[in-house]
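Listed here are the chains, written in short residue letters.
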There are 2 protein chains.
Amino acid sequence: MGNVTIKDIASKAQVSAGTVDRVLHNRGRVSEKVKEKVLKVIKDLNYEPNLMARALVSNKIYNIAALIPDYQVDSYWFAPKQGIEKAEKDLQQYRVVVDQYVFNPYDVNSYIEKAQELTASNPSGILLSPIFYRETLPFFEKWKKNNIPFVLFNTDIIEHHPLSYIGQDSYQSGFLAGRLTEYGQADPCTILIAHIDEEISNAAHLMKKEQGFRNFFIQNNLVDKYNIIRTELNRNNFAEFTKQLDSLIENTPDLKSIFITTSKAYEIAAYLEHRHIRHIKIIGYDLLPKNIQFLNKGAINFLINQNPRGQGYWGIHYLAKHLVFKKEVPLLKYLPLDIVTKENLNYFTAEEETIYSE
Amino acid sequence: MGNVTIKDIASKAQVSAGTVDRVLHNRGRVSEKVKEKVLKVIKDLNYEPNLMARALVSNKIYNIAALIPDYQVDSYWFAPKQGIEKAEKDLQQYRVVVDQYVFNPYDVNSYIEKAQELTASNPSGILLSPIFYRETLPFFEKWKKNNIPFVLFNTDIIEHHPLSYIGQDSYQSGFLAGRLTEYGQADPCTILIAHIDEEISNAAHLMKKEQGFRNFFIQNNLVDKYNIIRTELNRNNFAEFTKQLDSLIENTPDLKSIFITTSKAYEIAAYLEHRHIRHIKIIGYDLLPKNIQFLNKGAINFLINQNPRGQGYWGIHYLAKHLVFKKEVPLLKYLPLDIVTKENLNYFTAEEETIYSE
DNA sequence: AAAATATTTGTGTTCGAACACATTATATTT
DNA sequence: AAATATAATGTGTTCGAACACAAATATTTT
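Everything numeric here is computed off the predicted structure, so don't read it as measured data. (Residues numbered from 1 in each chain as written. Chains lettered and ligands numbered in written order. Predicted model: local features only at pLDDT ≥ 70, side-chain atom pairs only at ≥ 80, totals over all residues. Heavy atoms only, no water.)

Some details on helix α1 (residues 6–13) of chain A
Residue and element names in this part refer to chain A.
Move 1: Within the span of α1, buried status applies to Ile9, Ala10 and Ala13. Angular distribution of buried residues about the axis of α1 spans 100°; they occupy a single face of the element. Residues of α1 that are exposed and point more than 90 degrees away from the buried face comprise Lys7, Ser11 and Lys12.
Move 2: Its side-chain oxygen placed 3.2 Å from the backbone nitrogen of Lys7, Thr5 serves as the N-cap of α1.
Move 3: With its phi angle positive at about 55°, Gln14 sits one or two positions after the end of α1. (Buried < 20%, exposed > 50% of the residue type's maximum accessible area, 1.4 Å probe, protein only. Helix = DSSP H or I, 4+ residues; strand = E, 2+ residues; numbered from the N terminus. Arc of directions from axis to C-beta. Polar contact = N/O pair within 3.5 Å; in protein donor to acceptor, adjacent residues only side chain to side chain.)

Below is the structure:
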């Protein structure tokens, strides 16, 4: 098992290795009779191609292009970049090279420009986070026409037949946040859902999180117990941001818990610290350094880690799986919703391990 | 980078490929002068052997032996077995074969017998959970003498120079359980640490968990707020088990939380359900089907997943990394402490993905 | 029926590393 | 100095799959 070779098949089917090869790859023409005979033997012997030999001989270089936001503009994107580079290193052996096309997440034109550059380079595969939805559509068309597989991550659009989407179940993560909030609040109180958003493109995401969060309380018959309110904050204007929060706090004396749908929980934590408020629990997203800092201080209670590094890593891996190993990849991969506290934090910030396989 | 071959080195160093090969493997004799010259070129060109070519030509079969408890006796061991089989499947390409030697975890003699069988088979590498410490020592000696690398998992003994230890940080997991308990109890109350143990061999483990748990409250100045008590229960005698719990519940009216240090949280959950007690929160370990059942019902609040499947998986992978790829593996690998609730459960029970790399 | 063309099948080289074996250079013995 | 031993280096085959090319059939055209 597992060590049947093309020659074995050839001899058993009484043909040459070349013919078996043609049958395997639908290359050249093979008579129906022979083809069926060979296919039967392949099936009977349970043939599995030796991927090492295959990779060795097909001396192709697979250049994957990654279209990603500049982490210097939004540090959230540092983790995917890391994941991408990790995967590249792991796959170097298989002649996989990743070119990064970095754009400014606040500048549509930069996005388009880089997407064009990327397309012009005619890569074997593409990984991207399509944060500008509308602008991405024409590229999807082009890539499909050129038979270039693309994998999406972070932003869930699966309508356009990517090779795969890798990301998070936003709704479920909100639902989970609901559980964590409820678990920490034995008594009735007010709970705030805060969207601290800078780009409209995230809106769909955030709404799903809010929905999941609210539905947790509905499904568990807790709507009478808790008063759930919402707000949208803009931290570009710091004075305004503070003012908004001040009035919220003042008008909501029984506010005990805040769920921040973006990775900006640290903004709220910093505000509360500044105002010396300690009785409000905070649940947020993502292991940004600033979030981690407040998590360690105890100012943030939980962070839901959506594994942005894993997203980059798996994105590249899936492309390689498809291109190099010609194996099927799942259309949808949801990464685990990790609940992170101060106490188990270091397991999620540590480097992942390289795996050798198949 | 990454595509320098032996021939490249040979031509640059003005020797033959055979000589380069001898230098690389310290095989045969090579004059000092030539050796140095070749080594310099290897370094200069930053040569990295092509693992595919290597694996292809070295037609060795690596038979790894796994000494594991029978999951039919204790279902905890089903997950490591799964992980082992997953890894075997992933590594099949590299001619890695895993033989499982299954013993009865309640029978030392069965353990010894299987360990002897395993040793007699003269495997290339060994994976084991040394749950009978004393009895394992002589085998360690033998294996070391025969240069057979062994990887330990689940039970933390690193004194005897295994290739690697893969497991969990028991202390830290107890500490984490402390956090989760405290987070769910705003008001002073009594907290119970319950050891439901059947084997002495686990004692060290369980004590570390208890220590971690207690230290959480000490370090956070919470000892005055909570009354922490402990008990050791034996579920072999069901009547006795129930009686003990009955008296505990009766004598501790403000008992609000139970931390079970073993994977037997479901026993307590079942008891509480039977007695119609709903106000006591439960934190336990491991995603056994019975635990999952109570987690889904809401009777168990959190399960800490110590990733037993991952332990088996990584154990085999590390051995392969060492044997097949001749790469260094970390002496110690702690797997993440996953916090599992009903809401994120399915991400941890799902099959892991196969990875292709290096 | 012979020639031309199309279809089917077989052979040989390649990828990079490992290792057996052959060959050459150097040292030691007689 | 010749014979022999030993050390140093080179050559060629192997692993399994892919693909170019060559050869052998079969089919069509003249």
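Some remarks on the sheet that holds strand β2 (residues 96–103) of chain B
Pairing between the strands of a sheet is mediated by backbone hydrogen bonds and can be parallel or antiparallel.
All names here are of chain B.
Move 1: Strands sit in the order β2-β1-β3-β4-β5-β11 across an open sheet of six strands; the sheet is parallel. Of all the strands in the sheet, just β2 and β11 (332–334) have a single pairing partner and so form its edges. Taking each pair of neighbouring strands and ignoring which way they run, the sheet shows an average axis angle of 15°.
Move 2: Alignment of strand β5 (residues 164–167) against β11, held across three bridges, turns out to be parallel. (Pairing = 2+ DSSP bridges. Axes fitted to C-alpha atoms, helices over the stretch in contact; angles between N-to-C directions.)

Observations concerning the relation of the copies chain A and chain B
One copy of the chain maps onto the other through a rotation about an axis followed by a shift along the same axis.
Move 1: With an axial shift of 0.1 Å and an RMSD of 0.4 Å, the rotation relating chain A to chain B amounts to 179°. As the rotation angle and translation indicate, the two copies are arranged about a two-fold axis.
Move 2: A share of 98% of the interface residues of chain A reappears at the interface of chain B, consistent with the copies meeting face to face through the same patch. (Least-squares fit on C-alpha atoms with pLDDT ≥ 70 in both. Contact = heavy atoms within 4.5 Å.)

What about the interface of chain A and chain B?
Move 1: Listed per partner, the contact involves 57 residues of chain A and 56 residues of chain B.
Move 2: Each partner contributes to the roughly 5,300 Å² buried at the junction of chain A and chain B, and carbon and sulfur atoms together form 60% of this total.
Move 3: Taken together, the links from chain A to chain B amount to two salt bridges.
Move 4: Arg179(A) is the salt-bridge partner of Glu343(B), the closest N and O atoms lying 3.0 Å from each other.
Move 5: At the junction of chain A with chain B, the criterion picks out 13 residue pairs in polar contact (both at pLDDT 80 or more).
Move 6: Among the secondary structure elements, those contributing two or more residues to the side of chain A that touches chain B are α4 (51–57), α5 (78–91), α8 (170–183), β9 (281–285), α13 (308–323), β11 (332–334), β12 (338–340) and α14 (346–349) of chain A.
Move 7: With seven residues, α8(A) is the largest single contributor of residues to the side of chain A that touches chain B.
Move 8: Of the residues contributing to the side of chain A that touches chain B, the split by class is 30 nonpolar, 13 polar and 14 charged. (Buried area = accessible area lost by both parts, 1.4 Å probe. Salt bridge = Lys/Arg side-chain N within 4 Å of Asp/Glu carboxyl O. Nonpolar A, V, L, I, M, F, W, Y, C, P; charged D, E, K, R; others polar.)

As for the sheet that holds strand β2 (residues 96–103) of chain A
Residue and element names in this part refer to chain A.
Move 1: With parallel pairing, the six strands of this open sheet are ordered in space as β2-β1-β3-β4-β5-β11. Each edge of the open sheet carries a strand with a single partner, namely β2 and β11. For this sheet, the mean inter-axis angle between neighbouring strands, taken without regard to orientation, is 15°.
Move 2: Here strand β1 (residues 62–69) runs beside β2; their pairing, made up of eight bridges, is parallel. Bridge pairing links Ile64 to Val98 in β2.
Move 3: Against the sheet, helix α6 (residues 108–120) engages β1, β2 and β3 (125–128), with an angle of about 155° to β2.
Move 4: Strand contacts of α13: β1, β2, β3, β4 (150–153), β5 (164–167) and β11, with the helix running at about 165° to β3, the strand carrying the most contacts.

Quick look at the protein's contact with DNA strand C
Move 1: Near DNA strand C there are 24 residues, and of these Ser16(A), Ile6(B), His25(B), Arg27(B) and Arg54(B) occur at the shortest range.
Move 2: Among atoms of DNA strand C positioned within 4 Å of the protein, sugar and phosphate together represent 70%.
Move 3: Here a phosphate oxygen of DNA strand C and a side-chain polar atom of His25(B) are 3.2 Å apart.
Move 4: Ala53(B) is positioned with one of its backbone polar atoms (N or O) 3.3 Å from a base nitrogen of DNA strand C.
Move 5: Listed by contribution, the elements that provide at least two residues to the surface near DNA strand C are α2 (17–25) and α4 of chain A together with α2 (17–25) and α4 (51–57) of chain B.
Move 6: Tallied by class, residues from the surface near DNA strand C come to 10 nonpolar, eight polar and six charged. (Near = heavy atom within 4 Å.)

A look at the protein's contact with DNA strand D
Move 1: As a matter of local geometry, DNA strand D sits amid 23 residues, with Ile6(A), His25(A), Arg27(A), Arg54(A) and Ser16(B) nearest to it.
Move 2: Near the protein, meaning within 4 Å, the atoms of DNA strand D are sugar or phosphate in a fraction of 69%, with bases accounting for the rest.
Move 3: Within the side chain of Arg22(B), a nitrogen or oxygen atom sits 2.8 Å from a base nitrogen of DNA strand D.
Move 4: Residue assignment for the surface near DNA strand D shows that the elements contributing at least two residues are α2 and α4 of chain A together with α2 and α4 of chain B.

With respect to the domain arrangement of chain A
Move 1: Segmentation of chain A into domains returns domain 1 (6–49), domain 2 (57–167 + 308–335) and domain 3 (170–305).
Move 2: Computed over C-alpha atoms only, the centres of domain 1 of chain A and domain 3 of chain A are separated by 61 Å. (Domains from an automatic or database assignment.)

Brief notes about the packing of helix α6 (residues 108–120) of chain B against helix α7 (residues 133–145) of chain B
Residues and elements named next belong to chain B.
Move 1: Interhelical geometry of α6 versus α7 gives an angle of 5° and a closest axis separation of 10 Å. As far as their axial angle goes, α7 and α6 are roughly parallel. Contacts between α6 and α7 involve Val108, Tyr111, Ile112, Ala115, Gln116, Leu118 and Thr119 on the former and, on the latter, Glu135, Thr136, Phe139, Lys142 and Trp143. (Parallel < 35°, antiparallel > 145°, perpendicular 65-115°, else oblique.)

Comments concerning the pattern of salt bridges
Residues and elements named next belong to chain A.
Move 1: In total, this model carries 24 salt bridges over all chains according to the counting rule given.
Move 2: Across the pair Arg230 and Glu232 runs a salt bridge, and its minimum N-O distance is 3.3 Å.
Move 3: The class of Arg230 is partly exposed, set by a relative accessible area of 35%.
Move 4: A network of salt bridges, in which partner residues are shared, links Glu210, Arg214, Arg230 and Glu232.

Regarding unusual backbone geometry
Move 1: With a phi angle near 55°, Gln14(A) is a residue other than glycine that sits in the positive phi range.
Move 2: Along the chain, Gln14(A) turns up in the loop between α1 and α2.
Move 3: Even without glycine at this site, Asn26(B) takes up a positive phi of about 50°.
Move 4: Note on placement: Asn26(B) falls in the loop between α2 and α3 (32–44).
Move 5: Asn26(B) gets classed as exposed once you look at its relative accessible area, which sits at 58%.

Some words on the packing of α8(A) against helix α8 (residues 170–183) of chain B
Move 1: For the pair α8(A) and α8(B), the least separation of the axes is 9 Å and the interaxial angle reads 70°. In terms of orientation, α8(A) and α8(B) fall into the roughly perpendicular class. Touching Leu180(A), Thr181(A) and Tyr183(A) of α8(A) are Leu180(B), Thr181(B) and Tyr183(B), all from α8(B).
Move 2: By residue class, the composition of the contact of α8(A) with α8(B) is four nonpolar, two polar and no charged.

With respect to the packing of aromatic side chains
Move 1: Counting across every chain of the model gives 43 aromatic pairs over all chains.
Move 2: Plain terms: the ring middles of Phe302(A) and Tyr183(B) are 4.8 Å apart, the flat faces sit at 85° to each other, and that makes the pair edge-to-face. Residue Phe302(A) is found in strand β10 (residues 302–305), and its partner Tyr183(B) is found in helix α8; the two belong to separate chains. Of the two residues, Phe302(A) and Tyr183(B), both sit in the buried class.
Move 3: Ring geometry for Phe139(B) and Trp143(B): centres 5.9 Å apart, planes at 35°, overall tilted. On the criterion of helical spacing, the pair formed by Phe139(B) and Trp143(B) is a turn pair, its members being four residues apart in helix α7.
Move 4: According to the relative accessible area criterion, Trp143(B) is buried, its value standing at 0%.
Move 5: Through a chain of ring-to-ring contacts, the aromatic side chains of Tyr171(A), Phe175(A), Phe213(A), Phe216(A), Phe217(A), Tyr226(A), Phe259(A) and Tyr285(A) assemble into a single cluster.
Move 6: The cationic tip of Lys281(A) hangs over the ring face of Tyr183(B); the distance from NZ or CZ to the ring centre is 4.5 Å. (Phe/Tyr/Trp six-rings, centres within 6.5 Å; stacked < 30°, edge-to-face > 60°. Lys NZ or Arg CZ within 6 Å of the ring centre and 35° of its normal.)

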